[in-house]
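Close look at the chain arrangement
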Amino acid sequence: MHNEIEKVLFSENELQEKIKEIGQDLTKEYNECFPLVIGVLKGALPFMSDVTKRIDIHLEIDFMDVSSYGNSTVSSGEVKIIKDLDTTVEGRDVIILEDIIDSGVTLNYLISLIKHRGAKSLKIVTLLDKPAGRQVDLVPDTVGFTVPDEFVVGYGLDYAEKYRNLPYIGILKPEVYKES
Ligand code: PRP
Ligand code: MN
Ligand code: MG
């Protein structure tokens, strides 16, 4: 698996250091409320797991499973809800956690949905941002790292459902996705 990675972009240590900072900032910002933290499955799972452990206040966790890519490296532009929230967001301080914003189509859809459902506040926190991929106007509130226009995998990010379990983030060798 590791020999299919061309280059490590962010090591396990670099990721964890950044996540600690993000968690500390969120702790300060939300210390007087009980935020609802929404993880966007499946990619946000490792980030969600690690960052919530660094948020040192009471919070509620929920998940949405939304998919826009399928088994392709190119965004289809369509967003499909596979699992909706269990919780109501009305009047809540909501934090959405994402692994990556690329075209912005997924989050654009989720932002409208959460606002429409009457959230009191909404913050977008993404571990990675790929501004070069943007198809809709969307600027996240918090970005861990900005990434180049390459196919990045690991730490939740997949190619054809693989590589999510890498503890680091790397660039996939082009021959891996050109073969299929
Ligand atoms: C990926 C990623 C983001 C989204 C970003 O999810 O995890 O959720 O695409 O792309 P966008 O900004 O172009 O919408 P995907 O739909 O592949 O589902 P997954 O998280 O289950 O891999
Ligand atoms: Mn995703
Ligand atoms: Mg995916």
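Along each chain, the written sequence defines residue order, and numbers are assigned to residues from 1. Chain letters and ligand numbers both follow the written order, the letters beginning at A and the numbers at 1. Residues qualify for local features only when their pLDDT is at least 70, as the model is predicted, and side-chain atom pairs are given and counted only at 80 or more; totals for whole chains, interfaces and linings, by contrast, use all residues.

- Going by what an unreviewed UniProt entry lists, the protein is known as Hypoxanthine phosphoribosyltransferase and is assigned to Salibacterium salarium.
- Its UniProt record gives the protein the following Function (unreviewed entry) comment, quoted word for word: "Purine salvage pathway enzyme that catalyzes the transfer of the ribosyl-5-phosphate group from 5-phospho-alpha-D-ribose 1-diphosphate (PRPP) to the N9 position of the 6-oxopurines hypoxanthine and guanine to form the corresponding ribonucleotides IMP (inosine 5'-monophosphate) and GMP (guanosine 5'-monophosphate), with the release of PPi."
- Turning to the protein, the UniProt annotation filed under Sequence similarities (unreviewed entry) states: "Belongs to the purine/pyrimidine phosphoribosyltransferase family." UniProt positions are given in the numbering used here, feature names are shortened, and annotations may be inferred rather than shown by experiment.

Observations concerning the overall build of the protein
- In this description a helix means any DSSP run of H or I spanning at least four residues, a strand means any run of E spanning at least two, and both kinds are numbered starting from the N terminus. Scanning the protein from N- to C-terminus turns up 4 helices and 9 strands.
- If you list the helices and strands of the protein from N to C, you get β-α-β-α-β-β-β-α-β-β-β-β-α.
- Atoms considered for the radius of gyration are the C-alpha atoms alone. The globule rule reads 2.2 Å times the number of residues to the power 0.38. For the protein, whose C-alpha radius of gyration is 16 Å, the value lies close to the compact-globule estimate of 16 Å for 180 residues.
- Overall, the protein is about 50 × 35 × 25 Å in size when its C-alpha atoms are taken along their principal axes.
- Evaluated residue by residue, the protein yields a buried proportion of 34% over its 180 residues.
- Long-range pairs, those at least 24 residues apart, make up 67% of the contacts in the protein with a sequence separation of at least 6. Neighbour counting defines burial: a residue surrounded by 20 or more other C-beta atoms within 10 Å of its own C-beta is buried, one with 12 or fewer is exposed, and intermediate counts give partly exposed, using backbone-placed C-beta atoms. A pair of residues counts as a contact when their C-beta atoms, built from backbone coordinates, are separated by no more than 7 Å.

Some remarks on the nonpolar core
- For this entry, the nonpolar core is defined as buried Ala, Val, Leu, Ile, Met, Phe, Trp, Tyr and Cys residues connected by C-beta atoms within 7 Å. Core analysis: the biggest nonpolar cluster contains 44 residues, and Ile38, Val40, Val94, Ile95, Ile96 and Leu97 have the highest contact counts within it.
- Take this core: its biggest share by element is 6 residues, from strand E5 (residues 93-101).

Overview of the pairing of strand E2 (residues 36-41)
- For E2, a buried count of 5 out of 6 residues is recorded, marking the element as mostly surrounded by other parts of the structure.
- DSSP calls a pair of strands paired once it identifies at least 2 bridges connecting them. With 6 bridges joining them, E2 and strand E3 (residues 60-67) adopt parallel strand pairing. Of the residues in E3, the one forming a bridge with Leu36 is Glu60.
- Assignment of crossover handedness uses the view with strands pointing away from the viewer, where a clockwise path from the first strand over the helix to the second indicates a right-handed crossover. Each parallel crossover has a hand, and the one from E2 via helix H2 (residues 45-52) to E3 is right-handed.
- In the sheet, E2 pairs with E5 via 4 bridges, with the strands oriented parallel. Each residue of the ladder has a partner; that of Val37, found in E5, is Ile95.

Examining the sheet that holds strand E8 (residues 152-153)
- The strand order across the open sheet built from 3 strands is E1-E9-E8, with neighbouring strands paired in antiparallel fashion. The strands lining the two open edges of the sheet, one partner per strand, are strand E1 (5-10) and E8.
- Of the pairings in the sheet, the one linking E8 to strand E9 (residues 169-172) comprises 2 bridges and is antiparallel in character. Looking across to E9, one finds that Val152 is bridged to Ile171.

Side note on H2
- Turning to H2, its buried residues are Pro46, Phe47, Met48 and Val51.
- Looking at the buried residues of H2, the elements they touch are helix H1 (12-29), E2, E5 and strand E6 (121-129).

Topic: the environment of Ile5
- Following the sequence through the fold, Ile5 ends up in strand E1.
- Classification of Ile5 as buried rests on a count of 20 C-beta atoms within 10 Å.
- Along the backbone, Ile5 and Asp99 are 94 residues apart, and their C-alpha atoms lie at a distance of 18 Å.
- Leave out the neighbours within four places in its chain, and Ile5 touches Gly170, Ile171, Leu172 and Lys173.

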